[in-house]
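Here is how the chains run, residue by residue.
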Amino acid sequence: QVQLVESGGGLVQAGGSLRLSCAASGRTFSLYAMGWFRQAPGKEREFVAGISWTGGNTAYTDSVKGRFTISRDAKNTLYLQMNSLKPEDTAVYYCATTTFRSSGVFRESDQYDSWGQGTQVTVSS
């Protein structure tokens, strides 16, 4: 079993930056691809960014390309650096991982089997 805990959310002004972290514990040796999703009020959960097992491959939804950067480190922590934040980025952000052994990147929520509790990001104008 894998446990994921997000941190780093908060309230920022438009144009500002935040860095989200997701610490993994438990069966971390079985962690492979990881990703970030977000859900805004009244909207469906959407894919934000994903990263492969080794960190060599990444993917982003079009709306955050050039502004957000996903990364992971040797301590099994996932990060999302968010720059040039916009009010439409306001959402609860969730990290996720899959135990399926793969070198790829996954974009669909049903491809992940462990989720964090979420961290609120609010961008004011």
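Residues numbered from 1 in each chain as written. Predicted model: local features only at pLDDT ≥ 70, side-chain atom pairs only at ≥ 80, totals over all residues. Heavy atoms only, no water.

**Q** Looking at this structure, I do not really get the side chain of Ser52. What am I missing?
**A** Turning to its location among the elements, Ser52 is positioned in the loop between strand E5 (46-51) and strand E6 (58-60). You can call Ser52 buried: its relative accessible area is 0%. Residues contacting Ser52, with those up to four places away along its chain left out, are Ala33, Asn57, Arg72, Ser103, Gly104 and Val105. (Helix = DSSP H or I, 4+ residues; strand = E, 2+ residues; numbered from the N terminus. Buried < 20%, exposed > 50% of the residue type's maximum accessible area, 1.4 Å probe, protein only. Contact = heavy atoms within 4.5 Å.)

**Q** In this structure, what is going on with the nonpolar core? I would like to understand it.
**A** A general tendency of soluble globular proteins is for nonpolar side chains to be buried together. Trp36, Leu80, Met82 and Tyr93 are the most contacted members of the largest nonpolar core, which has 27 residues in total. Those elements that provide at least two residues to this core are strand E1 (2-7), strand E3 (18-26), strand E4 (34-39), E5, strand E7 (68-72), strand E8 (77-82), strand E9 (91-97) and strand E11 (119-124). The biggest single contributor to this core is E3, with 4 residues. In this structure, Ala33, Phe47, Ala96 and Phe106 belong to the second largest nonpolar core, which totals 7 residues. (Core = buried A, V, L, I, M, F, W, Y, C linked by side-chain atoms within 4.5 Å.)

**Q** Could you clarify how one ought to interpret the packing of aromatic side chains in this entry?
**A** In this description, a pair of aromatic rings is defined by centroid distance and the angle of the planes. All chains considered together, the criterion is met by 6 aromatic pairs. For the ring pair Phe37 and Tyr112, a centre distance of 5.5 Å and an interplane angle of 80° mean the geometry is edge-to-face. Note that Phe37 is positioned in strand E4 and Tyr112 in the loop between E9 and strand E10 (114-115), a separation of 75 residues in sequence. Here Tyr112 falls in the buried class, since its relative accessible area comes to 6%. Where Tyr112 meets Trp115, the ring centres are 6.2 Å apart and the plane angle is 65°; that geometry is what we call edge-to-face. An aromatic cluster of three or more residues is present, and its members are Phe37, Phe47, Phe106, Tyr112 and Trp115. The side chain of Arg19 reaches across the aromatic face of Tyr79, ending 4.1 Å from its centre. When the ring centre of Tyr94 is taken as origin, the NZ or CZ atom of Arg45, which lies over that ring, is 4.1 Å away. (Phe/Tyr/Trp six-rings, centres within 6.5 Å; stacked < 30°, edge-to-face > 60°. Lys NZ or Arg CZ within 6 Å of the ring centre and 35° of its normal.)

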